[in-house]
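Descriptive structure summary
Below are the chains, spelled out letter by letter.
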Amino acid sequence: MKKIYFKSIVVLTAMGLLFSCKSDLETEPIELQTLDQVFDRADSAGVNSERFLTDIYTRLPRTLNRVGDDYLDAATDDAMSSNTTNTSVMKLAMGTYTSDGYPDNQWTNCYSGIRQCNIFVNNIDHVPLKGKLANGTSFNAVWKSEARFLRALFYFELIKRYGGVPLLGDRVYQLGDDVELPRNSFEESVNYIVNECDSIKDKLRTNPFDLNFIERPTKGAVLALKSRVLLYAASPLYNGFNIEPQNPLTGYTNFSAERWQKAEQAALDLIDLNQFDLLTDFKSIFITQPNKERIFSKQGGNNSTVESNNGPVGYSVSTNNGRTSPTQELVNAFGMANGLSITAPGSGYQQNNPYANRDPRFYATIFHNGSQWLGRQVQTFEGGSDKPGGTKQQTKTGYYARKFLGNFENSLKYDNINHDYILFRYAEVLLNFAEARNEILSAPDVQVYENVENIRRRAGLNPYQLPSGLSKIQMREVIQNERRKELAFEEHRFYDVRRWKLAETLFNQQLHGMVIYQTGTGTLYQEVPALQMHFENKMYLAPIPYNEVAKNRKMVQNPGW
């Protein structure tokens, strides 16, 4: 079985999606293949059943320009869409969406994937697959475990948006079944995902760097999912709140230190595998396949789409859309190369030369005025090639997003490069561990320092060490800022700020950009307002899609919607 380039096929799923409209549930199958054909009892190679499994992978979440062609991070304080229309991501940033128009609704896609997984889990043992892994695990068990991993990931995609959701187990609902199901609690949903991870972790392939199976989950992927799920469950949004389906965010209960301990141990389990490491070159993580930092990815392709979507707009040698405008707030979050913040005494920050000697991740993440690209310097000063004014789509903040793009600083055109959708990578796991352990202790210990400093050392900060004697609160702020810089544009900020219960402050603020003027005597820099965000407490959880509540008497909507 070789590496598979996924193409969407639809087998049997037209029988009806569990939570689609009632008319969908009553529609007879339109596909000609039957269960007996897909799970052929005479097919020892499992050709049709593998095609069915491959189709489930196409439902995995992707990243990059995903939400109406924008990064999800353009709905945070890190960026905004350069598009001049009221885009989907702008509705998220401005809080102008409703329960029947949530811009990032994944309900149907995830439950469609869950239904496919259940069909696969219930039927793959009919196929007499030959062969075993080196540890003796049969390929039937491997493929079934892959489907269970995908199912657990779909459930996580649901609960991070909506809180507790209906859990189906292995059941496949048929035409005429009662599908008016209540929501399980958030805790029950988390426990289900964690139990699935524990059950399958030793029944998967073991080499995450095998090019023939590069997008198949291994034990590392399962542990990474478990780590993220338990970190969310331990976070303030959920830890200390009674996440019941009747009232998912209200009803204060006692804080549970045990949740942080479980999150710490889950991250440590993955670290102790000793399979993954931080890549020396930060930019290479996102364009080199495989590498030691990638834990699990959805397969993308070899192209220059990300460059064309997000590159600065003024280049005649390529068509760039400049889709993402990073904010001044994100720029300011990147400190100096000496490890100090730009406001710290002795940092060396210069207001009249603000982009000099910054954290190396800044240059790998953001195009600023003077960045090198496609053989010339980026011009985001007023009237410059990349901020010409007029009606052309262009930066709203004086910056463009550079992260994920290839190394085309001195090229004259783009070449095709790898653009997979990285769903889990090792740097996140180190930060997960540091955050969870810091919350357990009264003050950070050497292990907390070590994991955060490993991230800073790889970034190229010199010195990378943090000041000794930081308090728990001070270290929490350091970790939160390291996540912001390290994981920028990777769809973490939108949910991190929510789970930290900080969105009513950070996502209600005025965001800024930089206006730059080239004069006869030098360059002038002026911070200016760019966007006023809006956030209400009800937005900590996404609304359950209106049609799901309208047709299911047992489906309780999230508060405020």
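Please read all numbers here as calculations on a predicted model, not as lab measurements. (Residues numbered from 1 in each chain as written. Predicted model: local features only at pLDDT ≥ 70, side-chain atom pairs only at ≥ 80, totals over all residues. Heavy atoms only, no water.)

Concerning the overall build of the protein
- If you tally the helices and strands in the protein, you get 18 helices and 12 strands.
- By the compact-globule yardstick of 24 Å for 561 residues, the protein fits well, its C-alpha radius of gyration being 24 Å.
- Once the C-alpha set of the protein is aligned to its principal axes, its extents read approximately 80 × 55 × 50 Å.
- Residue burial in the protein is summarised as follows: out of 561 residues, 57% are buried.
- If you take every contact in the protein between residues at least 6 apart in sequence, the share linking residues at least 24 apart comes to 71%.
- Total accessible area on the protein is roughly 21,900 Å²; 48% of this is exposed by carbon and sulfur atoms. (Helix = DSSP H or I, 4+ residues; strand = E, 2+ residues; numbered from the N terminus. Rg over C-alpha atoms; globule rule 2.2 N^0.38 Å. Buried < 20%, exposed > 50% of the residue type's maximum accessible area, 1.4 Å probe, protein only. Contact = heavy atoms within 4.5 Å. Areas by Shrake-Rupley, 256 points an atom, 1.4 Å probe, with all protein chains shown as cover.)

Observations regarding the packing of aromatic side chains
- Within the structure shown, the criterion is met by 30 aromatic pairs.
- Relative to Tyr192, the ring of Tyr155 lies with its centre 5.3 Å away and its plane at 75°, an arrangement referred to as edge-to-face. Taken together, the positions of Tyr155 in helix α6 (residues 139-162) and Tyr192 in helix α7 (residues 186-200) put the pair 37 residues apart, joining distant regions of the chain.
- Using a relative accessible area of 17% as the deciding quantity, one classes Tyr192 as buried.
- By the ring-pair criterion, three or more aromatic residues cluster together here, those being Phe334, Tyr355, Phe362, Tyr363, Tyr399 and Tyr525.
- Directly above the aromatic system of Phe362 lies the positively charged group of Arg358, at a separation of 5.1 Å from the ring centroid.
- Stacked on the ring of Tyr315, the Lys or Arg Arg376 has its end atom at 3.7 Å from the ring centre. (Phe/Tyr/Trp six-rings, centres within 6.5 Å; stacked < 30°, edge-to-face > 60°. Lys NZ or Arg CZ within 6 Å of the ring centre and 35° of its normal.)

Digging into the pattern of salt bridges
- Under the definition given, this model contains 46 salt bridges.
- Note that Asp177 and Arg171 form a salt bridge whose closest N and O atoms lie 3.8 Å from each other.
- Owing to a relative accessible area of 28%, Asp177 belongs among the partly exposed residues under this scheme.
- Taken together, the shared-partner salt bridges connect Glu293, Asp359, Arg361, Lys403, Arg425, Arg456, Arg458, Glu482, Lys485, Glu486 and Glu490 into one network. (Salt bridge = Lys/Arg side-chain N within 4 Å of Asp/Glu carboxyl O.)

Things to note about the pairing of strand β11 (residues 510-519)
- Sheet topology places β11 next to strand β12 (residues 522-532); 10 bridges connect them, and they run antiparallel. By the bridge assignment for β12, Tyr517 is matched with Leu524.
- Here β11 folds back onto β12, and the loop between the two strands holds 2 residues. (Pairing = 2+ DSSP bridges.)

Things to note about the environment of Tyr349
- Along the chain, the position of Tyr349 falls in the loop between α11 (328-333) and α12 (360-365).
- Residue contacts for Tyr349: discarding those within four places in its chain leaves Met336, Ile342, Pro354 and Arg358.

Overview of helix α9 (residues 257-271)
- Look at α9: 21 Å from first C-alpha to last across 15 residues, which is about the 21 Å you get at 1.5 Å a residue.
- What α9 keeps buried is the set Trp260, Ala263, Glu264, Ala266, Ala267, Leu270 and Ile271. The arc that holds the buried residues of α9, viewed along the axis, is 160°, so those residues lie on one side.
- Structurally, α9 contributes buried residues whose contacts are with α8 (219-234), β2 (294-298), α13 (426-440) and α14 (446-459). (Expected span 1.5 Å × (residues − 1). Arc of directions from axis to C-beta.)

Here we look at the layout of surface pockets
- Roughly 500 Å³ of volume is contained in the largest pocket.
- As for the largest pocket, its lining consists of 25 residues, and the residues nearest its centre are Gly339, Leu340, Ser341, Arg456 and Asn481.
- Where the lining of the largest pocket is concerned, the elements lending two or more residues are α11 and α15 (472-486).
- Tallied by class, residues from the lining of the largest pocket come to 11 nonpolar, 8 polar and 6 charged. (1 Å grid on protein atoms, 1.4 Å probe; cavity = no way out; pocket = protein on both sides within 12 Å on 5 of 7 lines; lining within 4 Å. Points joined across faces, edges and corners; volume = space filled by probe spheres on them. Nonpolar A, V, L, I, M, F, W, Y, C, P; charged D, E, K, R; others polar.)

Some details on the environment of Asp202
- Position of Asp202 relative to the elements: it lies in the loop between α7 and α8.
- With 67 residues separating them in the primary sequence, Asp202 and Asn135 have C-alpha atoms 9.1 Å apart.
- Look past the residues within four positions of Asp202 in its chain and what remains in contact with it is Asn135, Thr137 and Lys219.
- Looking at Asp202, its side chain comes within polar contact range of the side chain of Lys219, at 3.0 Å. (Polar contact = N/O pair within 3.5 Å; in protein donor to acceptor, adjacent residues only side chain to side chain.)

Observations concerning empty space enclosed by the protein
- Scanning the entire structure with this criterion turns up 9 cavities of 30 Å³ or more.
- Looking at the largest cavity, its volume works out to about 210 Å³.
- If you go around the largest cavity, you meet 18 residues; those closest to its centre are Thr63, Lys160, Arg228, Leu423 and Glu490.
- Sorting the residues of the lining of the largest cavity by element identifies α6, α8 and β10 (421-425) as the ones contributing at least two each.

So, the side chain of Glu264
- Among the secondary structure elements, Glu264 is positioned in helix α9.
- By relative accessible area, which is 13% here, Glu264 ends up buried.
- Leave out the neighbours within four places in its chain, and Glu264 touches Phe433, Ala436, Arg437 and Ile440.

Overview of the packing of α8 against α13
- Relative orientation of the contacting elements α8 and α13 amounts to 35°, with a least axis distance of 10 Å. Our pair here, α8 against α13, has a crossing hand that is left-handed. The residues of α13 that touch α8, namely those facing Ser227, Arg228 and Leu231, are Glu428, Asn432, Glu435 and Ala436.
- Counted by class, the contact of α8 with α13 contains 2 nonpolar, 2 polar and 3 charged residues. (Axes fitted to C-alpha atoms, helices over the stretch in contact; angles between N-to-C directions. Left-handed = near helix turned anticlockwise from the far one by under 90°.)

As for unusual backbone geometry
- Cis geometry marks the peptide bond from Gln289 to Pro290; its omega dihedral reads -10°.
- With respect to the helices and strands, the residue Pro290 is situated in the loop between α9 and β2.
- Going from Asn462 to Pro463, the amide bond is cis rather than trans, its omega being 5°.
- Counting through the fold element by element, Pro463 comes out in the loop between α14 and α15.
- Positive phi is not limited to glycine here, since Asp69 has a value of about 75°.

A short note on the confidence of the model for the protein
- Across the protein, the average pLDDT comes to 91, with 92% of residues at or above 70.
- Predicted confidence is poor over residues 242-246, with pLDDT under 50, and the contacts of this stretch with residues over four places away or in other chains come to 17 contacts.
- Under a pLDDT of 50 for its full length, residues 249-253 has, in the predicted model, 14 contacts with residues more than four places off or in other chains. (pLDDT = per-residue confidence, 0-100.)

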